[in-house]
Amino acid sequence: MGKGNRVSSYTHTQRQLDDNANQHNPNNHAYWDNLNNHSNQSNPNSSAYNKSRNWHKKEER
């Protein structure tokens, strides 16, 4: 595991620790959901692509 994936029990709740572990476990749906979300945000044919790039426009209104 890389240094960027470390989460401390001194600064995070048990639920946050569990969620972080699930996001890095290929046997868990959260892991694949995270990969799918990243893939969709990188695909110009996906609605998630535009949503991930237009967040700043909503704040300007």
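These figures come from a predicted structure and were not determined experimentally.

A. Quick look at the packing of aromatic side chains. Within the structure shown, the criterion is met by one aromatic pair. Here Tyr31 and Trp32 contribute two aromatic rings whose centre-to-centre distance is 5.0 Å and whose plane-to-plane angle is 85°, an arrangement assigned as edge-to-face.

B. Fine view of the environment of Ser52. You can see Ser52 is positioned in helix H3 (residues 47-53). Judged by relative accessible area, Ser52 falls into the partly exposed class, the value being 23%. Residues Ser52 and His38, 14 residues apart in the sequence, show an inter-C-alpha distance of 9.9 Å.

Cut-offs applied
Residues numbered from 1 in each chain as written. Predicted model: local features only at pLDDT ≥ 70, side-chain atom pairs only at ≥ 80, totals over all residues. Heavy atoms only, no water. Phe/Tyr/Trp six-rings, centres within 6.5 Å; stacked < 30°, edge-to-face > 60°. Helix = DSSP H or I, 4+ residues; strand = E, 2+ residues; numbered from the N terminus. Buried < 20%, exposed > 50% of the residue type's maximum accessible area, 1.4 Å probe, protein only.

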